[in-house]
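Residue-level listing of the chains:
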Amino acid sequence: MLNKYHLWLEFANVGIRITRYNVTLGLLGHTGIRRIHNHVRPTLYALRYRKEIEKRKNPIPKPPSHRNTFLEWNYNAELFAFGKRLNEEFDSNLLRQAFVEKSYAVKERLRQEELNLNVETLSLKDNESMSQEGMTILKSNLNAILAREFPRLPESGIQ
């Protein structure tokens, strides 16, 4: 506890204790200067004890679960958050199509046929056509860059 002759300053994770006679320096958290209140300590001990018991019971950790297995998972919210993280506005239908792989679309169509659902009304488009368009755009841009950067390179070298 600091009395009236002590002054405690924190700047850039360095603790400086100034007393009447000396100045001590120390990195917070590295020299034992921790400010854990007494009412928090029993909770930390209980959490640590629970963690140790869990490790003893299950020495092999569980594999992480996918987000779509959570009860409150929302696909529309995930797509919205994805666009906001990239600071872009996407057409939601095109974004949904971009995330659907051909194998998943085939499995989903088979599952719908097993359930006797009308497959035409519940059509699921895969991203194969978008992938091919992207590859053609990428190849044409790459060829243009190579032709501009290496003008002496023959066309067969660029292709």
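Residues numbered from 1 in each chain as written. Predicted model: local features only at pLDDT ≥ 70, side-chain atom pairs only at ≥ 80, totals over all residues. Heavy atoms only, no water.

Enquirer: Describe in detail the overall build of the protein chain, supporting the description with residues and values.
Expert: What the protein chain contains, in helices and strands, is 6 helices and 3 strands. Its helices and strands taken in sequence order, the protein chain reads β-β-β-α-α-α-α-α-α from the N to the C terminus. Across the 159 residues in the protein chain, those meeting the buried criterion constitute 9%. The contacts in the protein chain between residues at least 6 apart in sequence include a share of 26% that link residues at least 24 apart. Summing over all exposed atoms, the protein chain offers an accessible surface of approximately 14,600 Å²; the carbon and sulfur share of this is 57%. (Helix = DSSP H or I, 4+ residues; strand = E, 2+ residues; numbered from the N terminus. Buried < 20%, exposed > 50% of the residue type's maximum accessible area, 1.4 Å probe, protein only. Contact = heavy atoms within 4.5 Å. Areas by Shrake-Rupley, 256 points an atom, 1.4 Å probe, with all protein chains shown as cover.)

Enquirer: Describe the side chain of glutamine 97, naming the residues involved and giving the relevant values.
Expert: Within the fold, glutamine 97 resides in helix 3 (residues 92-98). For glutamine 97, a relative accessible area of 16% translates into the label buried. Each residue touching glutamine 97, except ones within four places of it in the same chain, is listed here: Lys125, Asp126, Asn127, Ser129 and Met130.

Enquirer: Now, about a nonpolar patch on the surface: what can you tell me, with residues and values included?
Expert: On the surface, Phe70, Trp73, Tyr75 and Phe99 cluster together into a nonpolar patch covering about 370 Å² of accessible area. Tracing the chain through its elements places phenylalanine 99 in the loop between helix 3 and helix 4 (102-114). Phenylalanine 99 sits in the partly exposed class, given a relative accessible area of 45%. (Patch = residues over 30% accessible without salt bridge, like charges linked within 9 Å, V, L, I, M, F, W, Y side chains within 5 Å. Salt bridge = Lys/Arg side-chain N within 4 Å of Asp/Glu carboxyl O.)

Enquirer: Explain the pattern of salt bridges to me, using residue names and the numbers behind them.
Expert: With the rule as written, the count across this model stands at 5 salt bridges. Salt-bridge contacts for arginine 111 lead to glutamate 108; the nearest nitrogen and oxygen are separated by 2.6 Å. In this pair, arginine 111 and glutamate 108 are both assigned in helix 4, 3 residues apart and thus about one turn of the helix distant. Taking the relative accessible area as the measure of exposure, glutamate 108 reaches 12% and is therefore buried. Put simply, glutamate 149 and arginine 148 hold a salt bridge, and the shortest N to O gap is 3.6 Å.

Enquirer: Report on the environment of glutamate 78, specifying residues and quantitative values.
Expert: The topology assignment puts glutamate 78 in helix 2 (residues 75-85). Owing to a relative accessible area of 23%, glutamate 78 belongs among the partly exposed residues under this scheme. Considered as a pair, glutamate 78 and arginine 67 are 11 residues apart in the sequence and their alpha carbons are 9.8 Å apart. Discounting residues that sit within four places of it in the chain, glutamate 78 has contacts with Arg67, Trp73 and Arg85.

Enquirer: An account of unusual backbone geometry is needed here, citing residue identities and associated values.
Expert: Residues apart from glycine generally show negative phi values, whereas peptide bonds are mostly found in trans. At asparagine 87, a position not held by glycine, the phi torsion is positive, near 55 degrees. Following the sequence through the fold, asparagine 87 ends up in the loop between helix 2 and helix 3.

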